[in-house]
Amino acid sequence: MTNIKTLKKEVAPYEKSTTKESVWQMINTLGPFFLLWFLAYQSLSVSYWLALIPIVIAAGFLTRIFIIFHDCTHFSFFKSRKANRAVGTAMGVLTLFPFDQWGHEHAVHHATSGNLDKRGTGDIWTLTIDEYVAAPLKTRLAYRFYRNPLVMFVLGPIFVFLLKNRFNRKNARKKERQNTYLVNVIIVALIALLSVTLGWQEFLLVQGSIFMVSGSIGIWLFYVQHTFEDSYFEEDKEWQYVLAAVEGSSFYKLPKVMQFLTGNIGYHHVHHLSPRVPNYKLEQAHQNTEPLQNVPTISLLTSLKSLRFKLWDEENKTFVSFRGIKSSAKAKAKSNAHISREAKPEL
């Protein structure tokens, strides 16, 4: 593996944002989103099922809006920090994410991804086999509940986007708290305005449906980009940033339309290696940096296997299902018995 300094040097040319490309991405994202929202609203007069067509497509564009927000929190979408903050806060209103609060959590995620000793902020709750086995019953039940696909991808967006994001974290600084309050006030004002002018039922049917589809997509993307069979997890003393980036973040190879709607975030290994690369340059960085092409690659089909991955097997360096606990225990017992026989002195 190329050392981190060399790899970062190769990616460095792609870290500069281009104002023209950023503005154009906002136009080709926000324009279609609002148009599709209006079409969905108009379609309700005919049938909700007809409205589902623009709703689903609009959900894809809302995912793309979130990627713009995401880039702004890394201050990579514009050269100006003020522009990133202003646009990021606005996109945060549309996606229900406070700019500073999520920016902090996500920065911690980047700094600790794959580090077994620093889990817990901005990541998916992940236990090792040994931790799960040693945990009390209530923790094991809570973990199984959390890892249930229905909970994670359906209830998850409701809890995280609608509830968790509305409250500041403990010890948040004044600037972060004020940004959360500002975003909350604007969200409430917009909901009230649109409910009065369009009708609260119509607004809820359109925006609620878009939110649920987009939220599920968002959590799925975050989940699958770090939860694949041969991911990367190490204790702090062994943990390396570059390995966590290129081995612990997948290259999610998606069809071109889905790649467009998800803002190239499938090139997650590039993003984790260098968060300053704007989303519209991630593909270029991947294609022109040879070491980055030899990373864990998953397709739309193979990514579905990630649904069964629940626990990290430290010994074999892989994700396993809950059923894998027994297999791991048997293998460990067999290995220990073999070691014991070898260590036994001959008579």
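Rules used in this analysis
Residues numbered from 1 in each chain as written. Predicted model: local features only at pLDDT ≥ 70, side-chain atom pairs only at ≥ 80, totals over all residues. Heavy atoms only, no water. Salt bridge = Lys/Arg side-chain N within 4 Å of Asp/Glu carboxyl O. Helix = DSSP H or I, 4+ residues; strand = E, 2+ residues; numbered from the N terminus. Buried < 20%, exposed > 50% of the residue type's maximum accessible area, 1.4 Å probe, protein only. 1 Å grid on protein atoms, 1.4 Å probe; cavity = no way out; pocket = protein on both sides within 12 Å on 5 of 7 lines; lining within 4 Å. Points joined across faces, edges and corners; volume = space filled by probe spheres on them. Nonpolar A, V, L, I, M, F, W, Y, C, P; charged D, E, K, R; others polar. Expected span 1.5 Å × (residues − 1). Contact = heavy atoms within 4.5 Å. Axes fitted to C-alpha atoms, helices over the stretch in contact; angles between N-to-C directions. Parallel < 35°, antiparallel > 145°, perpendicular 65-115°, else oblique. Left-handed = near helix turned anticlockwise from the far one by under 90°. Pairing = 2+ DSSP bridges.

Remarks on the pattern of salt bridges
A side chain with one charge can pair with a side chain of the opposite charge if their charged atoms come near. Within the structure shown, the criterion is met by seven salt bridges. A salt bridge links glutamate 105 to lysine 164; the shortest N-O distance between them is 3.1 Å. Within this pair, whereas glutamate 105 is found in helix H5 (residues 99-112), its partner lysine 164 is found in the loop between helix H8 (149-163) and helix H9 (174-198), the two being separated by 59 residues in sequence. On the basis of relative accessibility, which here comes to 16%, the residue glutamate 105 falls in the buried class. The residue lysine 256 makes a salt bridge to glutamate 283 at a minimum N-O spacing of 3.0 Å. On the criterion of sequence distance, the pair formed by lysine 256 in helix H12 (residues 256-261) and glutamate 283 in helix H14 (residues 282-287) is long-range, its members being 27 residues apart.

A few points about empty space enclosed by the protein
Inspection of every chain in the model, using the stated rule, returns three cavities of 30 Å³ or more. Around the largest cavity, the lining comprises 15 residues; the ones closest to its centre are Ser113, Asp123, Ile124, His226 and Phe233. Looking at side-chain class alone, the lining of the largest cavity contains four nonpolar, nine polar and two charged residues.

As for H5
Between its terminal C-alpha atoms H5 stretches 20 Å, which fits the 20 Å expected from 14 residues at 1.5 Å a residue. Extensive coverage of H5 is indicated by the burial of 10 of its 14 residues. For H5, every residue scored as buried is listed here: Phe99, Asp100, Gln101, Trp102, Gly103, Glu105, His106, His109, His110 and Thr112. Residues of H5 that are buried sit in contact with helix H3 (48-73), helix H4 (81-95), H9, helix H10 (200-224), helix H11 (241-247) and helix H13 (268-273). Positive phi appears at glycine 114, one or two residues downstream of H5, with a value of about 85 degrees.

Remarks on the packing of H3 against H10
Where H3 meets H10, the axes come as close as 8 Å, and the angle between the chain directions of the two elements is 45 degrees. The orientation of H3 relative to H10 falls into the category oblique. Crossing of H3 over H10 shows right-handed handedness. Touching Tyr48, Ile55, Ala58, Ala59, Leu62 and Thr63 of H3 are Leu205, Val206, Ser209, Ile210, Val213, Ser214, Ile217 and Leu221, all from H10. Counted by class, the contact of H3 with H10 contains 11 nonpolar, three polar and no charged residues.

Quick word on the side chain of serine 113
Following the sequence through the fold, serine 113 ends up in the loop between H5 and strand S1 (127-128). Classification of serine 113 as buried rests on a relative accessible area of 10%. Apart from residues lying up to four places away in sequence, serine 113 is in contact with His226, Trp239, Ala244 and His272.

Details of the sheet that holds strand S5 (residues 318-320)
Through backbone hydrogen bonds, the strands of a sheet pair up, either in parallel or in antiparallel fashion. With respect to topology, three strands assemble into an open sheet ordered S1-S4-S5, the strand pairing being mixed. Lying at the two open borders of the sheet, with one neighbouring strand each, are S1 and S5. Here strand S4 (residues 311-313) runs beside S5; their pairing, made up of three bridges, is antiparallel. Residue pairing in the sheet places tryptophan 312 in a bridge with phenylalanine 319 of S5.

Some points on the environment of lysine 305
Structurally, the position occupied by lysine 305 is in the loop between strand S3 (297-299) and S4. Overall, the relative accessible area of 45% leaves lysine 305 in the partly exposed class. With 176 residues separating them in the primary sequence, lysine 305 and isoleucine 129 have C-alpha atoms 19 Å apart.

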